Amino acid sequence: VKVNKHLLRLAQVVKFELTEKYKVWYEQPWPYLPHLTIAYKDLSRDGFKKAKKIYEKKKFYGKTLIDHLALAQKNKNGIWRKYALFKFNQ
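Residues numbered from 1 in each chain as written. Predicted model: local features only at pLDDT ≥ 70, side-chain atom pairs only at ≥ 80, totals over all residues. Heavy atoms only, no water.

### Some remarks on the overall build of the protein
Helices and strands together make up the secondary structure of the protein, namely two helices and two strands. In sequence order, the secondary structure elements of the protein are arranged as α-α-β-β. Looking at the protein residue by residue over its 90 residues, the buried ones come to 7%. A separation threshold of at least 6 residues defines the contact pool for the protein, and within that pool the share at least 24 residues apart is 25%. (Helix = DSSP H or I, 4+ residues; strand = E, 2+ residues; numbered from the N terminus. Buried < 20%, exposed > 50% of the residue type's maximum accessible area, 1.4 Å probe, protein only. Contact = heavy atoms within 4.5 Å.)

This is the structure:
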């Protein structure tokens, strides 16, 4: 992840407009350290801890383009739907 002022500003906006205003089960360490998190919506807290222990020492050497951030919410039927999508540099 390439650190730049736009990425750090986005992290601040997410922190102050979302994670500090709503209940979350994962606390993002601060100051923000850019990283990529891959998870599934049905991963339990224990599953998250187990996966973190397995993968925290592994290194990723590939390249990928991330061009958007999406927020999702669970509806009354328990189905996750896209709430908002934010495209980068477009």
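### Thoughts on the packing of aromatic side chains
Applying the stated rule across the entire model yields zero aromatic pairs. The ring of W30 has K15 lying over it, and the distance from NZ or CZ to the ring centre is 5.0 Å. (Phe/Tyr/Trp six-rings, centres within 6.5 Å; stacked < 30°, edge-to-face > 60°. Lys NZ or Arg CZ within 6 Å of the ring centre and 35° of its normal.)

### A few points about the pairing of strand 2 (residues 80–87)
Along a regular strand, successive side chains alternate from one face of the sheet to the other. In terms of strand pairing, strand 1 (residues 68–74) meets strand 2 through seven bridges, oriented antiparallel. Bridge assignment links A70 to a residue of strand 2, and that residue is L85. Hairpin connection of strand 1 to strand 2: five residues between the antiparallel strands, including G78 at a positive phi of 80 degrees. (Pairing = 2+ DSSP bridges.)

### A look at the confidence of the model for the protein
Taken as a whole, the protein shows an average pLDDT of 80; of its residues, 88% reach a score of 70 or greater. Of all helices and strands in the protein, the one with the weakest mean pLDDT is strand 1 (80), whereas helix 2 (residues 45–55) scores best (86). (pLDDT = per-residue confidence, 0-100.)

### A short note on helix 1 (residues 5–19)
Taking 1.5 Å per residue, 15 residues should reach 21 Å; helix 1 reaches 20 Å between its end C-alpha atoms and fits that length. Its side-chain oxygen 2.9 Å from the backbone nitrogen of H6, N4 forms the N-cap of helix 1. (Expected span 1.5 Å × (residues − 1). Polar contact = N/O pair within 3.5 Å; in protein donor to acceptor, adjacent residues only side chain to side chain.)

### Comments concerning the environment of H6
Within the element layout of this structure, H6 appears in helix 1. C-alpha of H6 to C-alpha of F88: the two residues are 82 residues apart in sequence and 9.6 Å apart in space.

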